[in-house]
Each structure stands twice: as C-alpha cells, then as structure tokens.
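Survey of secondary and tertiary structure
Chain residues, written in single-letter form:
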Amino acid sequence: MTSGITPAFDGTAGAGAGLAGRTAMVTGAGSGIGRACATALAAAGARVHVVDIDAGAAASVAERIGGVPHVVDLARGDLVEGLPADIDILVNNAGLQHVAPLTEFPPDRFELIQKVMVHAPFLLLRRTLPHMRAQGWGRIVNISSVHGLRASAFKAGYVTAKHALEGLSKVAALEGAPHGITSNCVSPGYVRTPLVERQIAAQAAAHGIDADQVVGEVMLGRSAVKRLIEPEEVAAVAVWLCGPHTGYLTGASIPLDGGWTAA
C-alpha cells in the first residue's frame, strides 16, 4: 500500500504539479517572476495565457512555452475586461515601482501603481472566479512582496498596493473556499528581476556606492540569507500552490524573504 504522496520536490519548478488540461493566466509574464511562472506552469502541463504590456516580450515568452500572448496595459480597465474568463489558474504578478518621499511622490504615479497592482487583479478575479466556481476548482496566486507585510520608506505606492493585494487575496480565499478555490500570496524579498536591477543602479548612483554594496548593505540588510532570490525560486512556490498537496492552504502569505520578516 502506498501513501499517495508524490516524491519530494526535485528542484524542477513544475515537478509533481500535474496541471495537464488546466488553463493559466500570468500577468507581467514577459520578464522576471512572471516569465518564470509562465514557464514553470507550462512545464507542469498547463496552457498559459501570457499577459504583458510589452508586445515583443509577450510574443517571445508565448512562443517559447507554447502559450497565448496578450498585449494589455493593465492600467486600462476596459482592456483587462477583454482578457479570457475561462481560467483555472490566475497569477497576478504585474507590477511597477517608484521611489520618492511621500511629500514628493507624484499622485499620478501613485494612482498608476494602484491601477496595475490592485485594480487589475480585482477585475481579473471578478472575471475568472465564475468559471472557477462552476467547475469546483481554481487556484489564485498573487505575487505580493515582503512589502506586503512590512514597509520601507520612500515606497508609498508599492507598499500600499502590495498591502492591498494581500487583503484582496484573503477575501478571495474566504469566498472561494466553498467552491474548491484557493487564494494565496507569495511574498518574496528582493528578486533578481529587471525592476530590481534598475533599483540597484538608481541606489548606486544616489548613494555614490557600487552595485555590490547596494545589494549587500541596502537591499539585503534585513535579510538573513545574503543573496538575491532567483525568479525560478518564486515560480516553484507558485506552481506548488497549484499542485496536489495544497488544497487546504488558502488565505496565506508565504514569506519567501530569506528571513527578513523573522527578525
């Protein structure tokens, strides 16, 4: 007699997920964490809708994984409403950053961040939840951040949006539970993405220090594990949340932060 538990994770992002026949949508899938999630979900057998504002990036990722590209500005609610509704797995990942003191933070930039990182996920949940409910199964993975759990100075737009996404995810978890739908956040620290690489360059210029010092002294100052997280590590957790062992895990936020929030 066997236990029914699959072998331990072997380092392959899609290992054991068994998502053949499932349809996924990943926003911000043209690069970074989104691209890694789209790639891992496809490797696990899912058909993936690749959503990004960058047409070339969306097409490139979709071609590589056998997915479907969608070029969408997520700040445009009317365009979000045009995305497919028959989605089994929704990964809300798209985001942007702006760093400035509260008193100097541009209101239009603050509004844009909320539109892309809060309003668009809300619209996508409204659009896809009916399909998930009808079939009695769904997985919502919200790529949050350690900044959804903790604050940093000069990041009012991003911190506000990530805190809001955490709350939205919990509401979806409560409403989805009777229908076999889970909703969770993955909340990483600094991940090696184009967004973070730009922050490293900006911080180096602002402080007059080199990039290694920015990473080690500024970005990883509160992290016990002194290295950047790789996008594939985030994707592995996202796919695991869609697999056979996590049906009881919902409304949670997994801090993939190198011990940042443990202190």
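Look up: the structure comes first, before these words.
Just so we're clear, the structure is a prediction, and the values are computed from it rather than from any experiment.

Regarding the overall build of the protein chain
On a plain count of helices and strands, the protein chain comes out with 8 helices and 7 strands. For a compact globule of 263 residues, the expected C-alpha radius of gyration is about 18 Å, and the protein chain comes in at 18 Å, within 12% of that figure. When the 263 residues of the protein chain are sorted by exposure, 49% land in the buried category. Across the protein chain, the fraction of contacts at a sequence separation of at least 24, relative to all contacts at a separation of at least 6, is 68%. With an accessible surface of roughly 12,000 Å², the protein chain has 57% of that area assigned to carbon and sulfur atoms. Taken as two groups, the 20 positive and 22 negative side-chain charges of the protein chain have centres that lie 5 Å from each other.

Some words on the packing of aromatic side chains
Any aromatic ring pair is given by two values, namely how distant the centres are and how the planes are angled relative to each other. Across all of its chains, the model carries 2 aromatic pairs by this definition. Between the aromatic rings of Phe105 and Phe110, the centroid separation amounts to 6.1 Å while the plane-to-plane angle is 85 degrees, which identifies the pairing as edge-to-face. Note on Phe105: relative accessible area 8%, which makes it buried. Across the ring face of Trp137, the terminal group of Arg22 is positioned such that the distance to the ring centre comes to 3.7 Å.

Some points on unusual backbone geometry
Positioned with a positive phi, Phe154 is a non-glycine residue whose angle comes to about 75 degrees. Of note, Phe154 is situated in the loop between strand E5 (138-143) and helix H5 (156-176).

Some details on the layout of surface pockets
The computed volume of the largest pocket comes to approximately 820 Å³. Along the wall of the largest pocket there are 40 residues; nearest its centre are Asn93, Ala94, Gly95, Leu96 and Leu195. Secondary-structure elements contributing two or more residues to the lining of the largest pocket are helix H1 (32-43), strand E2 (47-52), helix H4 (107-135), H5 and helix H6 (194-207). Here the element with the most residues in the lining of the largest pocket is H6; it accounts for 5 residues. The residue makeup of the lining of the largest pocket, split by class, is 20 nonpolar, 14 polar and 6 charged.

Definitions and limits used
Residues numbered from 1 in each chain as written. Predicted model: local features only at pLDDT ≥ 70, side-chain atom pairs only at ≥ 80, totals over all residues. Heavy atoms only, no water. Helix = DSSP H or I, 4+ residues; strand = E, 2+ residues; numbered from the N terminus. Rg over C-alpha atoms; globule rule 2.2 N^0.38 Å. Buried < 20%, exposed > 50% of the residue type's maximum accessible area, 1.4 Å probe, protein only. Contact = heavy atoms within 4.5 Å. Areas by Shrake-Rupley, 256 points an atom, 1.4 Å probe, with all protein chains shown as cover. Lys, Arg positive; Asp, Glu negative; His and termini not counted. Charge placed at Lys NZ, Arg CZ, Asp CG, Glu CD. Phe/Tyr/Trp six-rings, centres within 6.5 Å; stacked < 30°, edge-to-face > 60°. Lys NZ or Arg CZ within 6 Å of the ring centre and 35° of its normal. 1 Å grid on protein atoms, 1.4 Å probe; cavity = no way out; pocket = protein on both sides within 12 Å on 5 of 7 lines; lining within 4 Å. Points joined across faces, edges and corners; volume = space filled by probe spheres on them. Nonpolar A, V, L, I, M, F, W, Y, C, P; charged D, E, K, R; others polar.

Functional significance is not addressed by these values, which are geometric in nature.
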